[in-house]
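# Structural features, examined
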Amino acid sequence: MAIRNIVKFGDDTLRKTCKPVDAITKRTKILIEDMLDTMYNADGVGLAAPQVGVLRRVCVIDVGNGPVVMINPVITSTEGEQTGTEGCLSNPGKYGTVTRPAKVTATAMDENGEVKVYEAEGLFARAICHELDHLDGVVFTDKVTGDVISENN
Ligand code: NI
């Protein structure tokens, strides 16, 4: 287990399309453990592999109900809309208003290769959308309505 460096906005890595994971290897499991450590250390609710410099379709999310590991995630349906404040560990201290689906159904493998279906709403739905965007080189500021605000503290 280790905390990895988080790639910041402006780095090309965050603009690439990630490749699917073909096989869950020991290396994949170490990546996932490190991503969880890195996310918790930074007080984040989600982290995608490109944010630690790995161009694979892996993300981790914890919106307060325990860790969710998503390998090769796909959103299969969405419903409604929610508008709220969003930030990103790759752009610390910056926030903006982003509209996302209110509900999301997503399918992904977990760290053991089991396929799981998630019926997400609220913050969990927002986090899934945000992290999956990272896997396609999209960052939240691409979708912000209005200004990106700097937190002053
Ligand atoms: Ni992010």
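Check the entry above for the structure.
Residues numbered from 1 in each chain as written. Predicted model: local features only at pLDDT ≥ 70, side-chain atom pairs only at ≥ 80, totals over all residues. Heavy atoms only, no water.

## Quick word on the packing of aromatic side chains
Note the threshold: Working definition: a ring pair exists when centres of Phe, Tyr or Trp rings (six-membered ring for Trp) sit within 6.5 Å. Plane angles under 30 degrees give stacked, over 60 give edge-to-face, the rest tilted. Helix and strand assignments come from DSSP, with helices taken as H or I runs of at least 4 residues and strands as E runs of at least 2, each series counted from the N terminus. For each residue, the accessible area found with a 1.4 Å probe, counting protein chains only, is set against the maximum for its type, and the residue is called buried under 20%, exposed over 50%, and partly exposed in between.
Summed over the entire model, instances satisfying the criterion amount to two aromatic pairs. Where Phe 9 meets Phe 140, the ring centres are 6.0 Å apart and the plane angle is 55°; that geometry is what we call tilted. Of this pair, Phe 9 sits in the segment before α1 (26-41) while Phe 140 sits in the loop between α2 (122-135) and β8 (144-150), placing them 131 residues apart in sequence. Here Tyr 118 and Phe 124 contribute two aromatic rings whose centre-to-centre distance is 6.1 Å and whose plane-to-plane angle is 85°, an arrangement assigned as edge-to-face. When its relative accessible area of 13% is taken as the criterion, Tyr 118 is described as buried. Looking at Phe 124, the relative accessible area reads 17%, which means it is buried.

## Let's talk about the side chain of Glu 86
Quick note on the threshold: For this analysis, a polar contact is any N or O atom pair within 3.5 Å, provided that within protein one partner can donate a hydrogen and the other can accept it, and provided that sequence-adjacent residues contribute only side-chain to side-chain pairs. Should any heavy atoms of two residues lie within 4.5 Å, those residues are counted as being in contact.
Tracing the sequence through the fold places Glu 86 in strand β4 (residues 82-86). Overall, the relative accessible area of 4% leaves Glu 86 in the buried class. One polar contact links Glu 86 to Arg 100, side chain to side chain, over a distance of 2.7 Å. Among residues more than four places away in sequence, those in contact with Glu 86 are Lys 94, Tyr 95, Gly 96, Val 98, Arg 100, Arg 126, His 130 and Phe 140.

## Structural notes on unusual backbone geometry
Of all residues except glycine, most have a negative phi; of all peptide bonds, most are trans. Phi angles above zero are rare outside glycine, and Asp 43 is one such case at about 60°. Residue position: Asp 43 is located in the loop between α1 and β1 (46-48).

## Side note on the layout of surface pockets
Quick reminder of the rule: Points on a 1 Å grid over protein atoms alone make up a cavity when a 1.4 Å probe fits among them but cannot get out, and a pocket when they form an open set with protein on both sides within 12 Å along at least five of seven lines; lining residues each have an atom within 4 Å of a point. Grid points are joined across faces, edges and corners, and a volume is the space filled by probe spheres set on the points.
The space that makes up the largest pocket amounts to roughly 380 Å³. Around the largest pocket, the lining comprises 20 residues; the ones closest to its centre are Val 45, Glu 86, Gly 87, Cys 88 and Leu 89. With five residues, the single largest contributor to the lining of the largest pocket is α2. Of the volumes computed, that of the second largest pocket is approximately 250 Å³.

In short, geometric facts, not functional conclusions.
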